[in-house]
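Each chain is listed here by its residues.
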Amino acid sequence: TEVGWCDGSLAPTASPTFDADAMGCPDEYVPGAEYAGGEKVAVGNLLYECTAEFAAFCPLRTPGEVPEDEAWVSVGPCTGTIAPTAGPTFDPDAPGCPPEFVAGTPYGGG
């Protein structure tokens, strides 16, 4: 049964992305948890980053408690959460063509 015509090819939308530089709040700091250099945490609505050079001290020091702490650098305020974008979607009505029909190939309905 012919359904219509098409032009081009069908492609899904982009994969989800994660923007670590977004100013949403990451997970709250957990004392004693392991942190790697560059990892970000929140304390209330303040964002901190564990420095690579002093990462061994990050589990031992609560961000913001020690003035001029070299383990944690204050990045700035944050609000909300950091969330990935929506997952890929497929629009069967989008312009484009499915793969070409091959005789003898089993196809499902739909």
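Placed above this text is the structure.
For clarity, every value in this text was computed on a predicted model and none was experimentally measured.

(A) Structural view of the overall build of the protein. Of regular secondary structure, the protein possesses zero helices and three strands. Put simply, the protein has 110 residues, and 21% of those count as buried. The long-range fraction of contacts in the protein, counting pairs at least 24 apart against all pairs at least 6 apart in sequence, stands at 57%.

(B) Here's a closer look at the environment of Ala71. Topologically, Ala71 is positioned in the loop between strand S2 (46-50) and strand S3 (72-77). Measuring from C-alpha to C-alpha, the distance between Ala71 and Ala56 comes to 8.0 Å, with 15 residues separating the pair along the chain. Setting aside residues up to four positions removed in sequence, Ala71 forms contacts with Glu49, Cys50, Thr51, Phe54, Phe57, Cys58 and Arg61.

(C) Quick look at a nonpolar patch on the surface. A surface patch of nonpolar side chains, amounting to about 350 Å² of accessible area, comprises Phe101, Val102 and Tyr107. Structurally, the position occupied by Phe101 is in the segment after S3.

(D) Representation of the pattern of salt bridges in the model. Applying the stated rule across the entire model yields one salt bridge. Residue Asp69 pairs with Arg61 through a salt bridge whose shortest N-O separation is 2.8 Å.

(E) Region of the structure containing the state of the cysteines. For the coordinates displayed, the defined rule picks out two disulfides. Sulfur-sulfur distance for the disulfide between Cys50 and Cys58 comes to 2.1 Å. With the S-S dihedral at roughly 100°, the linkage between Cys50 and Cys58 falls on the right-handed side. Each member of the pair, Cys50 as well as Cys58, carries the same accessibility label: buried.

(F) Summary view of unusual backbone geometry. Positive phi is not limited to glycine here, since Glu68 has a value of about 55°. With respect to the helices and strands, Glu68 occurs in the loop between S2 and S3.

(G) Molecular detail of the sheet that holds S3. Read across the open sheet, the three strands follow the order S1-S2-S3; overall the sheet is antiparallel. Taken across any chain shown, the strands that pair with only one partner, and hence form the sheet edges, are strand S1 (40-43) and S3. On average, each strand axis in the sheet is inclined to that of its neighbour by 35°, with strand direction left out of account. Judged from the five bridges that link them, S2 and S3 form a sheet pairing that is antiparallel. When the sheet's bridge partners are listed, Glu49 is paired in S3 with Val73.

(H) The side chain of Thr51, seen in detail. Along the chain, Thr51 turns up in the loop between S2 and S3. The buried category is assigned to Thr51, whose relative accessible area is 17%. If we ignore the near neighbours within four places in the chain, the residues touching Thr51 are Gly37, Cys58, Glu70, Ala71 and Val73.

Parameters and conventions
Residues numbered from 1 in each chain as written. Predicted model: local features only at pLDDT ≥ 70, side-chain atom pairs only at ≥ 80, totals over all residues. Heavy atoms only, no water. Helix = DSSP H or I, 4+ residues; strand = E, 2+ residues; numbered from the N terminus. Buried < 20%, exposed > 50% of the residue type's maximum accessible area, 1.4 Å probe, protein only. Contact = heavy atoms within 4.5 Å. Patch = residues over 30% accessible without salt bridge, like charges linked within 9 Å, V, L, I, M, F, W, Y side chains within 5 Å. Areas by Shrake-Rupley, 256 points an atom, 1.4 Å probe, with all protein chains shown as cover. Salt bridge = Lys/Arg side-chain N within 4 Å of Asp/Glu carboxyl O. Disulfide = S-S within 2.5 Å. Pairing = 2+ DSSP bridges. Axes fitted to C-alpha atoms, helices over the stretch in contact; angles between N-to-C directions.

That is the geometry; function is a separate question.
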